[in-house]
Amino acid sequence: MTTHPPTSVNDIRETWYSYYEEKGHKRQESRSLVPPPESRLKDVYTMSAGMENVPEYFNKFMRGESFSSLDVIVQKSFRHFDNNPDDDSIKTLLSLFEMGAAWYVENFEEKQVMNDLLKFLTEKMGLDRDRMYFTVYAGRERKIPIDKKKSMTFALHDYFDARIAWQELGIDDNHIIKTGYKNNSKKHHDAFLGDTNLWAEAGSMHKGFGRILGPQTEIFYEMDDGSLLEIGNVIFTSHSLNEEGELKKAPLRVAEAVSGLERLAMIKQGKSNIYEIDELSPFVEKICDLKDIKFRHINGVHYCKALQQANLLRSCAFLLHDGATPGHSRGRILKGMMREVLNDFKDDIEEKGVYKTLRPLISLAVQPYKEQYNFTQYYISKIAKAFEFENQKYSNTFLDALFGIKGKAEPVIKYFLTTLYVDRNQHNSDLSFYHLPYEIVRDYNPPFLATKIFFDLDTSANILYHTLENLNKSSPNRLKQAAYDAYLTLNNITKSKKTMDSNDEFTRITKVYNKLKKDVTPIMTDYLVDQTEQNIFNINLFVLAMVSDKYSLFDGDNLNKDTNYTRLLQGLKRNYKISLPDT
């Protein structure tokens, strides 16, 4: 009977367990994302499968306690630094993921650890060995911090050569990359430059054995589009660094082989985007339908935003399920994520409320993991209510901020808002000084915040104009997101009956915009490849119309005869990129 390689995350999880159990490894169940109070990881969430286990082996060894020399786990893991991946990396990154890990303690051969992982990937998962690339430690020096004030530079020249081990396992030398060295004859070498493949266990010094160090070797898989996806890693703890800066052989030898389950599912299901695997696609589709995103491709700003929303909401659901609470210290990570979700869905929340908006999404997000991690209806409702409670706190903070800022130092605040997209961190302390909490400015984009603080079309047009102008000059890679924020802002303005009634200028702006759109769209056909680019172009036209009206560049009632309008149209025909008028 032929056994087909697994394709679903659930099947891959069980295959990982059974494969290593057959080799004598003892099964461990996934641990909570929230480390216990006695853990050394008090200020973070569990970020990878081995963050707790490797030091735990050393702690038990130093105390003379017994422990298993072979273990296997599939650990749910969270990395807060992957919360908002950019448009280029989002298709392969998840903040919350499942990591398979197998440990070998003391009695093992390095080559056997590598071979076990290789056989799992090729024989159990059915992956093509010829599409794999392997990075190895090149022996170059690396600086490792001892404490906040000093660090040490060293290289582990006396440890085994992973390159030779891979060769002995039948890997072509052209597929083995010595990291940190340029080798133009090797394919994909640019992906590995600067990485020394030296593992330094994160966190503070541990009493008795210091900081654990050792070389690692990574496995990458070449996708159909030629890009490389990291799918495996083997880490060897060979040395320890004490507080005096002395590098010694580690008191205990530990090896760890790891692989990401969702990435393996992505390959086996033939997907180029991790959010399109069977376990995530229904959830993402629901968000796209909610946001009316009809044209879904990875380079579209609207679709990327939907993927970021899915990533954040899914991560929050797992963290809240495991007992994490928004607040101080590591709770700030969760609080920021929850508030960003609330901000992203604010239109739906205003219409239906937090609970009715988010509960169906949360249910879809955790559905594939319902039995594995006990996501009962009770927990799903509890997670949704946690968002409801945080939304109330968030609203109070926002109202307090607006009350504190209105009428105070308006020219300064306007300046901050117009330059915030260019360098958000630059104005953190300054904004706090003017009683406007930075998290409010971060979660509510500057144009939207401007309408909330000043709520007049004239000021909003000015801020929108300067924001896009600054980004066009200094940060063109962030221009799409800024334009999308501007689009949301304009919707917010036009939805207000008060604004519509009190500002007949909107009628003039609409005339200019509709005329521009009608006259320019025919010449844009060859340039705009999808609906997303068309939306971005229309947004820029709208902002251009606002700015043009603001500086009286056009006669809204006689556009066909207006010289400025004719010149603008001619310029757009020569170069489809919009040039905002000088002020």
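All values reported here derive from a predicted model rather than from experimental measurement.

Asks: Give a detailed account of the overall build of the chain, specifying residues and quantitative values.
Replies: Helices and strands together make up the secondary structure of the chain, namely 21 helices and eleven strands. Burial statistics for the chain: of 583 residues in total, 54% are counted as buried. By sequence separation, contacts in the chain at least 24 residues apart represent 71% of the contacts at least 6 residues apart. Surface summary for the chain: the accessible area is close to 27,200 Å², and the carbon and sulfur share equals 47%.

Asks: Explain the packing of helix H1 (residues 9-22) against helix H5 (residues 261-268) to me, using residue names and the numbers behind them.
Replies: Running from N to C, H1 and H5 point in directions that differ by 120°, and their axes come no closer than 9 Å. Judged by the angle between their axes, H1 and H5 are oblique. Pair H1 / H5 crosses with right-handed handedness. Residues Val9, Ile12 and Arg13 of H1 touch H5, and the partners they reach there are Leu261, Glu262, Leu264 and Ala265. In terms of residue class, the contact of H1 with H5 is built from five nonpolar, no polar and two charged.

Asks: Could you give an account of the pairing of strand S2 (residues 70-78), naming the residues involved and the relevant values?
Replies: Most of S2 is tucked away: eight of the nine residues are buried. As defined by bridge partners, strand S1 (residues 26-28) adjoins S2 across three bridges and the pair is classed as parallel. When the sheet's bridge partners are listed, Lys26 is paired in S2 with Asp71. In this sheet, strand S3 (residues 96-105) lies alongside S2 in antiparallel orientation, the contact comprising nine bridges. Following the sheet pairing, Val74 is matched in S3 by Gly100.

Asks: Give me the pairing of S3: which residues, what numbers.
Replies: The buried fraction of S3 is high, at ten of ten residues. Side-chain alternation along S3 places Leu96, Glu98, Gly100, Ala102 and Tyr104 on one buried face and Phe97, Met99, Ala101, Trp103 and Val105 on a second face that is also buried. Of the pairings in the sheet, the one linking S3 to strand S11 (residues 247-260) comprises seven bridges and is antiparallel in character. Looking at S11, one finds that Tyr104 is bridged to Ala255.

Asks: An account of the confidence of the model for the chain is requested, with residue identities and associated values reported.
Replies: Low-confidence regions, as indicated by low pLDDT, have predicted coordinates that should not be scrutinised in detail. For the chain, mean pLDDT is 75; residues scoring 70 or higher make up 60% of the total. For the stretch residues 181-186, pLDDT sits under 50, and the model shows ten contacts to residues farther than four places along the chain or on other chains. Segment residues 496-503 is flagged for pLDDT under 50; beyond a separation of four residues in sequence, or across chains, it makes five contacts in the model.

Asks: Describe in detail the environment of Arg13, supporting the description with residues and values.
Replies: Topologically, Arg13 is positioned in helix H1. Along the chain, Arg13 and Glu262 lie 249 residues apart, while their C-alpha atoms are 9.7 Å from each other. Residues within four places of Arg13 in sequence aside, it is in contact with Val74, Glu98, Leu261, Tyr369, Gln372 and Tyr373.

Asks: An account of the packing of aromatic side chains is needed here, citing residue identities and associated values.
Replies: Under the definition given, this model contains 13 aromatic pairs. Linked through ring pairs, Trp16, Tyr19, Tyr20 and Phe120 together constitute an aromatic cluster. Looking at Arg27, its charged tip hangs above the ring of Tyr17, at a distance of 4.0 Å from the centre.

Asks: Can you lay out the environment of Ala155 for me, pointing to particular residues and giving the numbers?
Replies: Structurally, Ala155 can be placed in the loop between strand S6 (151-154) and helix H4 (162-168). For Ala155 and Gly139, which are 16 residues apart along the polypeptide, the C-alpha to C-alpha distance reads 5.6 Å.

Asks: I'd like a description of the side chain of Asn311, backed by residues and values.
Replies: Along the polypeptide, Asn311 turns up in helix H7 (residues 301-321). A residue is classified by how much of its surface remains accessible, and Asn311, at 2% relative accessible area, is buried.

Asks: So what about unusual backbone geometry? Which residues, and what values?
Replies: The phi torsion at Glu106 lies on the positive side, around 70°, for a residue other than glycine. In this fold, Glu106 is placed in the loop between S3 and helix H3 (110-124). We classify Glu106 as partly exposed; its relative accessible area is 32%. Unusually for a residue other than glycine, Asn374 sits at a positive phi of about 60°. Checked against the element boundaries, Asn374 lands in the loop between helix H10 (354-366) and helix H11 (377-405).

Asks: How would you explain the environment of Tyr137 if you had to name every residue and give the values?
Replies: Tracing the chain through its elements places Tyr137 in the loop between strand S4 (132-136) and strand S5 (142-145). Between the C-alpha atom of Tyr137 and that of Lys178, which follows or precedes it by 41 residues, the distance is 6.2 Å.

Asks: Any chance you could break down the pattern of salt bridges for me, citing the residues and the numbers?
Replies: Note that side chains of opposite charge can pair when their charged atoms are close. In this structure the tally under the stated criterion is 19 salt bridges. One salt bridge connects Glu56 with Arg31, and the closest N-O pair in it is separated by 3.2 Å. Taken together, the residues span a long stretch of sequence, with Glu56 in helix H2 (residues 53-63) and Arg31 in the loop between S1 and H2 at a distance of 25 residues. Under the relative-accessibility criterion, Glu56 is labelled partly exposed at 28%.

Asks: An account of the packing of helix H6 (residues 281-290) against H10 is needed here, citing residue identities and associated values.
Replies: Direction vectors running N to C along H6 and H10 enclose 155°, while the axes themselves pass 8 Å from each other. Overall, the two elements H6 and H10 adopt an arrangement that is roughly antiparallel. Along its contact with H6, which presents Pro282, Phe283, Lys286, Ile287 and Leu290, the element H10 presents Leu361, Leu364 and Ala365. Residues belonging to the contact of H6 with H10 are distributed by class as follows: seven nonpolar, no polar and one charged.

Rules behind the numbers
Residues numbered from 1 in each chain as written. Predicted model: local features only at pLDDT ≥ 70, side-chain atom pairs only at ≥ 80, totals over all residues. Heavy atoms only, no water. Helix = DSSP H or I, 4+ residues; strand = E, 2+ residues; numbered from the N terminus. Buried < 20%, exposed > 50% of the residue type's maximum accessible area, 1.4 Å probe, protein only. Contact = heavy atoms within 4.5 Å. Areas by Shrake-Rupley, 256 points an atom, 1.4 Å probe, with all protein chains shown as cover. Axes fitted to C-alpha atoms, helices over the stretch in contact; angles between N-to-C directions. Parallel < 35°, antiparallel > 145°, perpendicular 65-115°, else oblique. Left-handed = near helix turned anticlockwise from the far one by under 90°. Nonpolar A, V, L, I, M, F, W, Y, C, P; charged D, E, K, R; others polar. Pairing = 2+ DSSP bridges. pLDDT = per-residue confidence, 0-100. Phe/Tyr/Trp six-rings, centres within 6.5 Å; stacked < 30°, edge-to-face > 60°. Lys NZ or Arg CZ within 6 Å of the ring centre and 35° of its normal. Salt bridge = Lys/Arg side-chain N within 4 Å of Asp/Glu carboxyl O.

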